[in-house]
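Per-entry structural report
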Amino acid sequence: MNIKYNYSLLSHNTFGLNFSRMNIKYNYSLLSHNTFGIDVKAEEFIEFYTVDEALDLSKTLNHKKWFVLGQGSNLLFLNDFKGVVLHSGIRQMEKIKEDNQFVYFEVGSGVVWDQFVEIEKVKAIDTATSQLMEFSKENCQYGYRQSIFKNQYKGRYILTSVVFRLSKKPNFRLHYQHLEEEVRKRGNINLQTIRETIIQIRSQKLPDFRTMGNAGSFFVNPVVSKVHFQRLQSEYPEIPHYYVSETEEKIPAAWLIEQCGWKGKQVGKVAVYAKQPLVIVNCGGASGIEIKQLAEEIQLSVKNKFDIQLQPEVNYIE
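Residues numbered from 1 in each chain as written. Predicted model: local features only at pLDDT ≥ 70, side-chain atom pairs only at ≥ 80, totals over all residues. Heavy atoms only, no water.

1. Details of the overall build of the chain
A tally of regular secondary structure across the chain gives six helices and 18 strands. For 318 residues, the compact-globule formula gives about 20 Å, and the C-alpha radius of gyration of the chain, at 22 Å, lands near that figure. Projecting the C-alpha coordinates of the chain onto the three principal axes gives extents of approximately 70 × 55 × 35 Å. Counting all 318 residues of the chain, 43% fall into the buried class. At a minimum sequence separation of 6, the contacts of the chain that also span at least 24 residues come to 57%. (Helix = DSSP H or I, 4+ residues; strand = E, 2+ residues; numbered from the N terminus. Rg over C-alpha atoms; globule rule 2.2 N^0.38 Å. Buried < 20%, exposed > 50% of the residue type's maximum accessible area, 1.4 Å probe, protein only. Contact = heavy atoms within 4.5 Å.)

2. Topic: the environment of Asn 214
Along the chain, Asn 214 falls in strand 11 (residues 213-217). Judged by its relative accessible area of 5%, Asn 214 falls in the buried class. For the pair Asn 214 and Ile 38, spaced 176 residues apart in sequence, the C-alpha separation works out to 9.8 Å. Beyond its immediate chain neighbours, meaning those up to four positions away, Asn 214 contacts Thr 35, Phe 36, Pro 207, Asp 208, Phe 209, Val 279, Ile 280 and Val 281. A polar atom in the side chain of Asn 214 sits 3.1 Å from the backbone oxygen of Pro 207. In terms of polar contacts, Asn 214 uses its side chain to reach the backbone amide nitrogen of Gly 216, at 2.8 Å. (Polar contact = N/O pair within 3.5 Å; in protein donor to acceptor, adjacent residues only side chain to side chain.)

3. Points about the sheet that holds strand 12 (residues 223-225)
Taken in spatial order, the three strands line up as 12-14-13 in an open sheet, and their pairing is antiparallel. On the outer flanks of this sheet lie strand 12 and strand 13 (242-243), each paired with one strand and no other. Judged from the three bridges that link them, strand 12 and strand 14 (residues 248-250) form a sheet pairing that is antiparallel. Bridged to Ser 225 within strand 14 is Glu 248. Sitting on the sheet, helix 4 (residues 226-235) is in contact with strand 12, strand 13 and strand 14, with an inclination near 90 degrees to strand 12. (Pairing = 2+ DSSP bridges. Axes fitted to C-alpha atoms, helices over the stretch in contact; angles between N-to-C directions.)

4. Focus: the pattern of salt bridges
If you walk through the whole model with that rule in mind, you get 17 salt bridges. Between Lys 150 and Glu 313 there is a salt bridge, with the nearest N and O atoms lying 3.1 Å from each other. With Lys 150 in the loop between strand 9 (131-136) and strand 10 (157-167) and Glu 313 in the loop between helix 6 (288-306) and strand 18 (315-317), this residue pair connects regions lying 163 residues apart in the sequence. Exposure remark for Lys 150: the relative accessible area of 23% places this residue in the partly exposed category. Among the residues examined, Glu 313 registers a relative accessible area of 10% and is labelled buried. (Salt bridge = Lys/Arg side-chain N within 4 Å of Asp/Glu carboxyl O.)

If you want it as structure tokens, here you go:
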């Protein structure tokens, strides 16, 4: 049973706090909160709407198993979650300053932002101290599918907002494969034609999660040593690669998976997407465990054939 309280929960919640505005549910289905379409339940689900509410929550989490759920597009639930799932409902957007070159907006962590341009800073609550912190974009240590919040600070911070620096002078980056060529087919190069083109390219490569559950790219493109790459190149001259440094090369995980014969292959209720082998799809009714098992089979075959250990981009939630 899903229970939503719109009155004071001071005497009705395990935290003993007055969450009069929060959306609190128990034994709550997360089916609509993850793009894999896994039907699991959260013991408690709390949506907060202000920074003060998030601060109050942070003071009570040290004795609870918890995590923050966004759009659910980068995770895989393996079981029902025996703890608290937090979801940001902070959706305010405010222009905080402007100069001749840039406009700065502070955007709540509950906003679904279609196109990020350039991050200036991130605001988050440290659950260890219940203090509101600010991180510059440099301190966030953003990299290829990495950040400080995914690594050493994983499970410590509740993000409340992001400050974006939006340039008044367009600086279009069209270096991705044939992006510029495709954009020009739509007419002038501007924000609208770039956005439309990127959406079209993504739709051609990725299935719609509303009809076929998936989390986009399941694995990270591996980076290997130059020596290892040259050894593989001698055996597979056609192997695609991207320069990383004088000592490293990046190899597309999709190519490795396809070479192992997984493209389009279905095992039970789970399959490797026929148009993009980097995507694992829920064909209907699959469990998180079944998806994880297929991912592990793929990892094992790539390891055996290429001596490369693929790392999941998707976070496993138990």
